[in-house]
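Examining the three-dimensional arrangement
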Amino acid sequence: MSEKIKVENIYKIFGQQPKKALQMLQDGLDKQTIHQRTGLTVGVQDASFSINAGEIFVVMGLSGSGKSTMVRMLNRLIAPTSGHIYVDGQDVATMGDADLLALRRQKMSMVFQSFALMPHLSVLDNAAFGLEMAGVDKKTRHERAMQALEQVGLEGYHNSRPKQLSGGMQQRVGLARGLTVNPEVLLMDEAFSALDPLIRTEMQDELLKLQSRAQRTIVFISHDLDEAMRIGDRIAIMEGGRVVQVGTPEEILQNPADDYVRAFFRGVDPTNILTAGDIARDSQVTLIRHQGEGPRAALQRLIRHDREYGYVLDADRRLKGIVSADSLKALIDAGGKDLSPAFLEEFGSVQACDSMQDILPELTTRPWPVPVLSADGKYLGVISKNQFLRTLQRNHVEEPALEAVGS
Amino acid sequence: MTRIFAFDERLIPLDDWVQNGVDWLVTNYRELFQVIKVPVEMTLEGLEWFFAILPPSLVMLLFALLAWRYAGRMVTLFTTLTLLLIGFLGLWDETMTTLAMVICSVLFCAVAGIPLGIAAGRSDRFQMLLRPFLDAMQTTPAFVYLIPVVMLFSIGTVSGVLATIVFALPPIIRLTSLGIRQVHPELVEAAVAFGATPWQVLRKVQFPLALPSVMAGLNQTIMMALSMVVIASLIGAGGLGGPVVQGLNTLEIGLATIGGLSIVLLAMVLDRITQGFGKR
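This part covers the overall build of chain B. Along the backbone of chain B there are 12 helices and 0 strands. Along chain B, helices and strands appear, N-terminal first, in the series α-α-α-α-α-α-α-α-α-α-α-α. Burial analysis of chain B (280 residues in total) assigns 39% to the buried set. Taking the contacts inside chain B whose residues are at least 6 apart along the sequence as the reference set, 74% of them involve residues at least 24 apart.

Counting its secondary structure elements, chain A contains 19 helices and 16 strands. Expressed along its principal axes, the backbone C-alpha trace of chain A runs to roughly 85 × 65 × 40 Å. Across the 407 residues in chain A, those meeting the buried criterion constitute 40%. Long-range contacts, defined here as pairs at least 24 residues apart, represent 65% of the contacts in chain A between residues at least 6 apart.

Residue and element names in this part refer to chain A. With a phi angle near 50°, Q17 is a residue other than glycine that sits in the positive phi range. Residue position: Q17 is located in the loop between β1 (3-14) and α1 (18-26). In this structure Q17 comes out as exposed when scored by C-beta crowding, with 11 C-beta atoms within 10 Å. Positive phi, close to 50°, is recorded for N182, a residue that is not glycine. With respect to the element layout, N182 can be found in the loop between α8 (167-180) and β7 (185-189).

A few words on helix α3 (residues 67-74) of chain A. Residues and elements named next belong to chain A. Buried residues dominate α3, accounting for 8 of its 8 residues. Where α3 is concerned, the buried positions are K67, S68, T69, M70, V71, R72, M73 and L74. Following α3 by one or two positions, R76 adopts a phi angle in the positive range, close to 60°.

With that settled, the discussion passes to the packing of helix α1 (residues 14-53) of chain B against helix α7 (residues 157-182) of chain B. Residues and elements named next belong to chain B. Taken N-terminus to C-terminus, the directions of α1 and α7 make an angle of 110°; their axes are 10 Å apart at the nearest point. Judged by the angle between their axes, α1 and α7 are roughly perpendicular. Contacts between α1 and α7 involve K37, V40, E41 and L44 from the first element and T157, V158, V161 and L162 from the second.

Turning next to the nonpolar core. Membership of the largest hydrophobic core comes to 146 residues, with the highest contact counts inside it found for A176(A) and V219(A). Here the element with the most residues in this core is helix α4 (residues 92-122) of chain B; it accounts for 13 residues. Excluding anything up to four places from it in sequence, A176(A) contacts A127(A), A145(A), A148(A), L149(A), Q151(A), V152(A) and L154(A). By size, the runner-up hydrophobic cluster in this structure holds 26 residues, among which are L302(A), V323(A), M356(A) and I359(A).

Attention shifts here to the pairing of strand β4 (residues 82-87) of chain A. All names here are of chain A. Where β1 lies against β4, 5 bridges are found, and the strand directions are antiparallel. In the sheet register, Y11 faces β4, and the bridge partner there is S82. In this sheet, strand β5 (residues 90-91) lies alongside β4 in antiparallel orientation, the contact comprising 2 bridges. Looking at the pairing, Y86 lines up with D91 of β5.

Turning our attention to α8(A). All names here are of chain A. Between its terminal C-alpha atoms α8 stretches 20 Å, which fits the 20 Å expected from 14 residues at 1.5 Å a residue. Of all 14 residues in α8, 11 are buried; the element is thus mostly enclosed. Listed in full, the buried residues belonging to α8 are Q170, Q171, R172, V173, G174, L175, A176, R177, G178, L179 and T180. For α8, the elements touching its buried residues are β6 (108-111), α5 (123-127), α6 (129-133), α7 (138-151), β7 and α9 (197-213). Just downstream of α8, N182 is the residue with a positive phi angle, here 50°.

Moving on: the pairing of strand β3 (residues 56-60) of chain A. All names here are of chain A. Across the 5 residues of β3, 5 count as buried, placing the element largely inside the fold. By the alternation rule, side chains of β3 split into I56, V58 and M60 and F57 and V59, which are all buried. As defined by bridge partners, β3 adjoins strand β9 (residues 234-239) across 4 bridges and the pair is classed as parallel. When the sheet's bridge partners are listed, M60 is paired in β9 with I237.

Our focus in this paragraph is the interface of chain B and chain A. Facing 14 residues of chain B, the contacting portion of chain A comprises 16 residues. At the level of elements, α8 (185-193) and α9 (198-227) of chain B are the ones that each hand at least two residues to the side of chain B that touches chain A. If you tally residues by element for the side of chain B that touches chain A, the top one is α8(B), at 6 residues.

Another point: the sheet that holds strand β2 (residues 41-52) of chain A. With antiparallel pairing, 4 strands are arranged side by side in an open sheet as β2-β1-β4-β5 (chain A). The two strands at the open ends of the sheet, each matched to only one other strand, are β2 and β5 of chain A.

This next bit is on the confidence of the model for chain A. Per-residue pLDDT for chain A has a mean of 84; in total, 91% of the residues score no lower than 70. Residue range residues 397-407 of chain A is modelled with pLDDT below 50. Its contacts to residues more than four positions away, or to other chains, number 0 contacts.

Attention shifts here to the sheet that holds β9(A). Residues and elements named next belong to chain A. Read from one edge to the other, the open sheet built from 6 strands follows the order β6-β7-β8-β3-β9-β10, with strand pairing classed as mixed. Strand pairing shows two members of the sheet lacking a second neighbour, β6 and β10 (242-247), which therefore form its edges. Strand-to-strand twist in this sheet, taken as the mean axis angle between neighbours without regard to direction, amounts to 20°. Two strands pair when backbone bridges link them, and β9 and β10 are joined in this way by 5 bridges, in the antiparallel orientation. Within β10, the position partnered with E239 by the bridge is R242.

Attention now moves to the environment of D326(A). Residue and element names in this part refer to chain A. Locating D326 in the fold gives a position in helix α16 (residues 325-334). When the 13 C-beta atoms within 10 Å are taken as the criterion, D326 is described as partly exposed. In this structure the C-alpha to C-alpha distance between D326 and V261, which are 65 residues apart in sequence, comes to 49 Å.

Here Q36(A) is to be found in helix α2 (residues 31-38). Distance in space between the C-alpha atoms of Q36(A) and D226(A) is 36 Å, their sequence separation being 190 residues.

Further remarks concern the confidence of the model for chain B. Predicted coordinates in regions of low pLDDT should not be interpreted in detail. Here chain B averages 91 in pLDDT, and 98% of its residues register 70 or above. By mean pLDDT, helix α6 (residues 142-153) of chain B is the weakest element of chain B at 85, and α8(B) is the strongest at 95.

All names here are of chain B. α7 packs onto helix α5 (residues 124-139) with a crossing angle of 145° between their chain directions and a minimal axis gap of 8 Å. Crossing of α5 over α7 shows left-handed handedness. Facing Q127, L134, M137 and Q138 of α5, the residues of α7 in contact are V166, F167, L169, P170, I173, R174 and S177. In the contact of α5 with α7, the residues fall into 7 nonpolar, 3 polar and 1 charged.

Rules behind the numbers
- Residues numbered from 1 in each chain as written.
- Chains lettered and ligands numbered in written order.
- Predicted model: local features only at pLDDT ≥ 70, side-chain atom pairs only at ≥ 80, totals over all residues.
- Helix = DSSP H or I, 4+ residues; strand = E, 2+ residues; numbered from the N terminus.
- Buried ≥ 20, exposed ≤ 12 C-beta atoms within 10 Å, placed from the backbone.
- Contact = placed C-beta atoms within 7 Å.
- Axes fitted to C-alpha atoms, helices over the stretch in contact; angles between N-to-C directions.
- Parallel < 35°, antiparallel > 145°, perpendicular 65-115°, else oblique.
- Core = buried A, V, L, I, M, F, W, Y, C linked by C-beta atoms within 7 Å.
- Pairing = 2+ DSSP bridges.
- Expected span 1.5 Å × (residues − 1).
- pLDDT = per-residue confidence, 0-100.
- Left-handed = near helix turned anticlockwise from the far one by under 90°.
- Nonpolar A, V, L, I, M, F, W, Y, C, P; charged D, E, K, R; others polar.

Below, the structure written as structure tokens:
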């Protein structure tokens, strides 16, 4: 995966003469001391990370952690005090005004928590706003805005005023405004935080759907762990202006960098967060290709690997069925050549994105490990009861320790 | 030492300084001020000519249409009745002169005031600098600056308009600035995020959203301009102030009353119509 944005040692200090605070930070003083002595506020300190092209990168933290400041430095709505931000190799922190305008107009757009729609413009003109700034003629920009409105499911509302729409619909307009310029990077500053939970989930799904159609680099700011887990390919956790950990949701969940990160995840039920795809294992089951392989060869492989069940895939790794040693033996006795009569009925499968909680019923009713399929039906691996229990155990290691202290 | 606080002696002869300063301006730069007068003079004459040449019925129709478009049925009726009454009171010509004066001064107030208001709205420093001047313009008794106006620009309707501009300028500056400041910072931020230049931010976001406030400022400026009509008459400006001043001088209460009544009614008409501007 190629690197789209690279943030290098970024500092932001608010107030007059920020260099003073920069020096004090280098001398090892903390934010509070600096604020008391100089009145300067350290917004972000020494942030470094990189964002890959086409991923959803969530920056998570509590309010005051500097995450909103961080995202605003990516398009220089806030100028960094020191450090570099490379977007496709170009340094946003030092680029000239013309380059900066081009970046904002063509490469990067933004969706805001408060929607920030222009109340004096129609939905259509709001969606076309970025193109209007870029000087695109009315006909073209309206056409493209209409397409963006369609993408977010707002066809027919183009003549309304933003205030006539519900919150969720207003944010769809905000999203359409971001999409109209067809940006490579979409910055979303707590974009769904102002919406009520049901609508929020709906918008997250909408975003994932859009992302599956056109892979954009999305930088998503959130204070909501569930949201970060749900949509983030990778997550950066910020605390007090510092980036304390960057990783995939599972990495962070299973291996929190410090107590702050751990505190974030305390009370989080792993069965809600880990998905079938996260815990599926590919190694432990024999795979049997459909073509050419008869029941005898299949049985032979099951016995050699000491397995009870075999998962039959076609050339595209699509799951065709599950066979057992017993069903294969019966087929051989009957003299069959093709494997399909040996398939067990209703083998049951789960999707990679299902949470552990969702797959529990499937897991308990089947004697064999449950196969996990990707969204397009490809076989990813299986989950056995053992695997499931081991995952639960690993995530609860700390709980007994706490109890022991209590007693 | 205590002698200083007895205040029986004038230690700061500010009055002499001002006197000498203005005298110096008049002797050396009177020509310059006469030139400054020219654009106002030309605009005013154009407007006066326009209202004089237009038959009263057409003026009434014009006002009725404006009222209909911007303020609704009741105001249209009120406007028509007011203009009819003024005509029957025999003050039509004076009213047209006043109208020309008001429109002329408001025009110059808008041309100068809106850009100044925008600048003040976007810069705290400029706002701070401007404020004492605005306070002075609004509170200095008009009679005080009528004297230098007359000395520099001589008497007449044009001088009256100049004095009116000074007095009526502050509200449009203040309310334009307020309107710009009231635009949500998030909207400005969003515009900038989408690549708007400072000029685009002003033209596409700040000014359109400040427009209702600007219109309220325009309305206040019109009202202040009308309130100067009588005072301007003291330095020889024509219009509805004339009958009032004449009535005052000759103790003709009837004459002063119809002049005053016409001013009030005209003010109400202009107020109701221009209030509608901002709502559109």
